Each structure stands twice: as structure tokens, then as C-alpha cells.
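Per-entry structural report
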Amino acid sequence: MKNDIQAAKACVVDFYEHLDNAAPDALDGIMRRYTSNDYLWRGYHPFNEQTSVEQVTQLFWQPLRLALTHLQRRQDVFMAGRNEMDGFESIWVVSMGHLMGLFDQPWLGIPATGKLTMLRYCEFNKVQDGKITETAMYFDIPHLMVQAGLQPFALQTAAQLVQPGPMTHTGLMFDEQDVTEGEKTLAAINHMISALGNWEQPLSLQEELRLSWHEDMLWWGPTGIGAAYTIERYAQQHAGPFRAGFKDRIFNGHVCRLAEGEFGGFFGWPNLTLEPTGGFMGMPATGKRGEMRIIDIYRRKADKLAENWIFIDLLHFWKQQGVDILARTTELSVNS
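What counts, and at which threshold
Residues numbered from 1 in each chain as written. Predicted model: local features only at pLDDT ≥ 70, side-chain atom pairs only at ≥ 80, totals over all residues. Heavy atoms only, no water. Phe/Tyr/Trp six-rings, centres within 6.5 Å; stacked < 30°, edge-to-face > 60°. Helix = DSSP H or I, 4+ residues; strand = E, 2+ residues; numbered from the N terminus. Buried < 20%, exposed > 50% of the residue type's maximum accessible area, 1.4 Å probe, protein only. Pairing = 2+ DSSP bridges. Contact = heavy atoms within 4.5 Å. Axes fitted to C-alpha atoms, helices over the stretch in contact; angles between N-to-C directions. Salt bridge = Lys/Arg side-chain N within 4 Å of Asp/Glu carboxyl O. Expected span 1.5 Å × (residues − 1). Bend = angle between axes of the 7 residues up to and from the residue. Parallel < 35°, antiparallel > 145°, perpendicular 65-115°, else oblique. Left-handed = near helix turned anticlockwise from the far one by under 90°. Nonpolar A, V, L, I, M, F, W, Y, C, P; charged D, E, K, R; others polar. 1 Å grid on protein atoms, 1.4 Å probe; cavity = no way out; pocket = protein on both sides within 12 Å on 5 of 7 lines; lining within 4 Å. Points joined across faces, edges and corners; volume = space filled by probe spheres on them.

For the rest of this paragraph, the subject is the packing of aromatic side chains. Within the structure shown, the criterion is met by 24 aromatic pairs. Pairing F15 with Y34 gives two aromatic rings, centres 5.5 Å apart and planes at 50°, and the pair type is tilted. Of this pair, F15 sits in helix α1 (residues 2-21) while Y34 sits in helix α2 (residues 27-34), and the two are 19 residues apart along the sequence. Y34 matches F15 in its accessibility class, with the two residues each being buried. Centre to centre, the rings of F60 and W61 are 4.8 Å apart; their planes meet at 65°, and the pair counts as edge-to-face. Each member of the pair, F60 as well as W61, is classed as buried.

Given below as C-alpha cells:
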């Protein structure tokens, strides 16, 4: 079992080595070499779901590589494991960090700056028989927009910053890990999901959080919400406003949930369906239900969670509510 996981890691490491060093016009060939014929790619809006290597290359990788020159992949977490959602049958490899480059050409209507720019990303790759068969790659396009001088959202309750990796600097797990540590991490994540799954239990929000989180927790949220530190500030700056700003929440489950060592995470497509009641991120009530596609990556310390990196496709969610954040913000920048 360990060897299968290590082989999957080696496949993705080799894929990244070739992908990151290839010229833009060679990307299609690299993608075809490492992916299956029925490859499925799920990405952040406006890329969404793609079912061919050609689409992924032409719509995402080539334009991004032309826009962010001298691109570097700066990983903070690299892990792999078996997927709890299919009975621990499939193996997925996870990479999280930043794609860093010089923003030399416009991308998605976002004006180039000529300056060093970092695109937050997290990618789940399903590996079968030495090929990548599925990818979920979420990024933080609003975070890049802010670096380019744009303001995609009117209100952010927590901090805006380029987010660091784990405090322990132990997230890059290229070697085999102690299986029992991964089991502990997955148990802590599942406990958190269970403890916080019911917004109407009799405990206060902070008491709920203390069931699963260390007091000095770090929540590295997406641009539009921001990062928060300690249970008290996380409750004030995100969890409280989030609960107050939505109704009729439905949990749709996860496509993949895994852990290795002290790290773990999951993604859904979508994770949640809910309706804004007004106030969250400074937005009004819409009367419309919407989907939230989310990736969560966690670091465990002892028996509780200590850090959490969040990727939410806010562009997709607000577009369902009738607000095209990407188009609106880039149009304003052109006309200003």
C-alpha cells in the first residue's frame, strides 16, 4: 500500500518537473504524456469542468504561462493518500502552494504589472496505473487581482496577505510517512466535520470550535474573506459572519478526503449549497441558492487541528447570484 502511494507521488513529481519547465507550445504534449484518455479536470471559475487535455492546455495552462513568465511552483504541502470517499480505494496526490512569476501579460482581463506575482493554488490529482485520471485545481484569482491593484470585493472581515505555508515547515512529504499519523489526522478532520456540521447545537460558536481546534488556530482564507488567527478572532472575522449570512445550508459531501502524516484535506464539487441572507462579504440577499466549491487543507497538532488553508471559488458562487465579479472588476480597471 505504501509503495502504491509512493509510486503515485513519483508520477506527480515527474509530471510537475516536465510541466513547469516546458515551453508554452510544448505543454499539450506533456499533459498527454501524464494523463489518461478520459482525463477530467475541475477548475476555478471561469475554467470550471474540462474533459480534454486540449481544453485544459489552451484555456488555462498556455495563457497562464504566457502571462506569468519565469513561472515557479513553490509548494508548501505535498502529500498523498487513499480516498475515504470511495472506501480508500483510489489514490490521490495533493499539492498546495503558489505559482509565482512575473506578471508580464494580461490574464483573464487582469492588467499586467511587470511585477512578481503569486497565484495561490491547491491541486488534487487522482493517479491510476501511472496516469493522472482526474484533477481538481482551485486557485485564488481574487488574490492575484488584489496584487494587480484591483479590488474585487468591497468588504473583507479578516486579513489580506500572501499566505505562508505550515508553521512547522513539514508539509512536503515526498518520502513515506507513518500510516498511524495519517489516521490520526483523518480522525481529527472527521471529528471537526461532525462537531461543526450542525449550526444549531446548544454550544456557543467558540465552544464548538474548541472541540476541534487549538486556541491559537490559523485559518488561511481566500481573498474576499481573509486570514484569521485564534479561535476568538476566527469566530468574529469569518465563522460568525458566515453563519449569519446564509440559510438553508445543504452539505453535498466530498469527492475526495485523505490524510498523510500531520496533514490532510478534502474537496467537493460542490461542497455546499446555500442561500445568502445579506451581509456576508458586504453583499445583499439574493433569494437565490448557490453552490460553493471548496478545498480545505489542514495541519494537525496532537489531537486537534492547528492550521487550515481554504480555497473557495467565490467567482463561481457570486456569478450564480447574478454578480460577475471577474468581469465587473476588470471592466472597471479598463475604464478607470
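Mapped onto the elements of the fold, E54 is located in helix α3 (residues 53-67). Residue E54 is classed as partly exposed on the basis of its relative accessible area, which comes to 41%. For E54 and L27, which are 27 residues apart along the polypeptide, the C-alpha to C-alpha distance reads 9.5 Å.

Taken in spatial order, the 6 strands of this open sheet run β2-β1-β6-β5-β4-β3, and their pairing is mixed. With one partner strand each, in any of the chains shown, β2 (49-50) and β3 (68-82) form the two edges of the open sheet. Relative to strand β6 (residues 131-139), strand β5 (residues 116-128) runs antiparallel, the two being bridged by 8 bridges. Bridge pairing links K126 to E134 in β6. Strands in contact with α2 are β1 (35-43) and β6; relative to β1, the strand with the most contacts, it is inclined by about 110°. With respect to the sheet, α3 is in contact with β1, β2, β3, β4 (91-103), β5 and β6, its orientation differing from that of β3 by roughly 130°.

A word on the pattern of salt bridges. Pairing of side chains with opposite charge becomes possible as their charged atoms draw close. Counted by the stated rule, this structure contains 15 salt bridges. Linking E275 and K247 is a salt bridge whose minimum nitrogen-to-oxygen distance equals 3.8 Å. Separated by 28 residues along the polypeptide, E275 in strand β12 (residues 272-276) and K247 in strand β9 (residues 246-251) bring together distant segments of the chain. Take K247: its relative accessible area is 40%, and that puts it in the partly exposed class.

In this section: α3. The end-to-end C-alpha distance of α3, which contains 15 residues, comes to 20 Å, matching closely the 21 Å that a straight helix rising 1.5 Å per residue would cover. For α3, the principal kink sits at W61 and spans about 30°; a proline, P63, occurs within the next four residues. Within α3, burial applies to V53, V56, T57, F60, W61, L64, R65 and A67.

Below, the discussion takes up the packing of α2 against α3. As a packed pair, α2 and α3 sit with axes 9 Å apart at the nearest point and diverge in direction by 130°. In terms of orientation, α2 lies oblique with respect to α3. With respect to the hand of their crossing, α2 and α3 are arranged in right-handed fashion. Contacts from L27, D28, M31 and R32 of α2 reach α3 at V53, E54, V56, T57, W61, Q62 and R65. Its residues assigned to classes, the contact of α2 with α3 shows 5 nonpolar, 2 polar and 4 charged.

Across a sheet, strands are paired by hydrogen bonds formed along the backbone, either parallel or antiparallel in direction. On the basis of which strands lie adjacent, the open sheet formed by 3 strands has the order β9-β12-β13 and antiparallel pairing. Of all the strands in the sheet, just β9 and β13 (290-292) have a single pairing partner and so form its edges. Strand-to-strand twist of the sheet, defined as the mean angle between neighbouring strand axes without regard to direction, takes the value 30°. Here 3 bridges tie β12 to β13, and the two strands are oriented antiparallel to one another. Within the sheet, the bridge partner assigned to L274 lies in β13 and is G290. Of the strands in this sheet, β9, β12 and β13 touch helix α7 (residues 231-244), which is tilted by about 100° from β9.

Glancing now at empty space enclosed by the protein. Here the structure, examined in full by the defined rule, presents 1 cavity of 30 Å³ or more. One number sums up the size of the largest cavity: a volume of about 50 Å³. As for the largest cavity, its lining consists of D76, M96, G97, H98, R120, Q163, P164, W309 and F311. Listing elements by their share of the lining of the largest cavity, those giving two or more residues are β4 and β15 (304-312). It is β4 that contributes the most residues to the lining of the largest cavity, 3 residues altogether.

These figures come from the coordinates and say nothing about function on their own.
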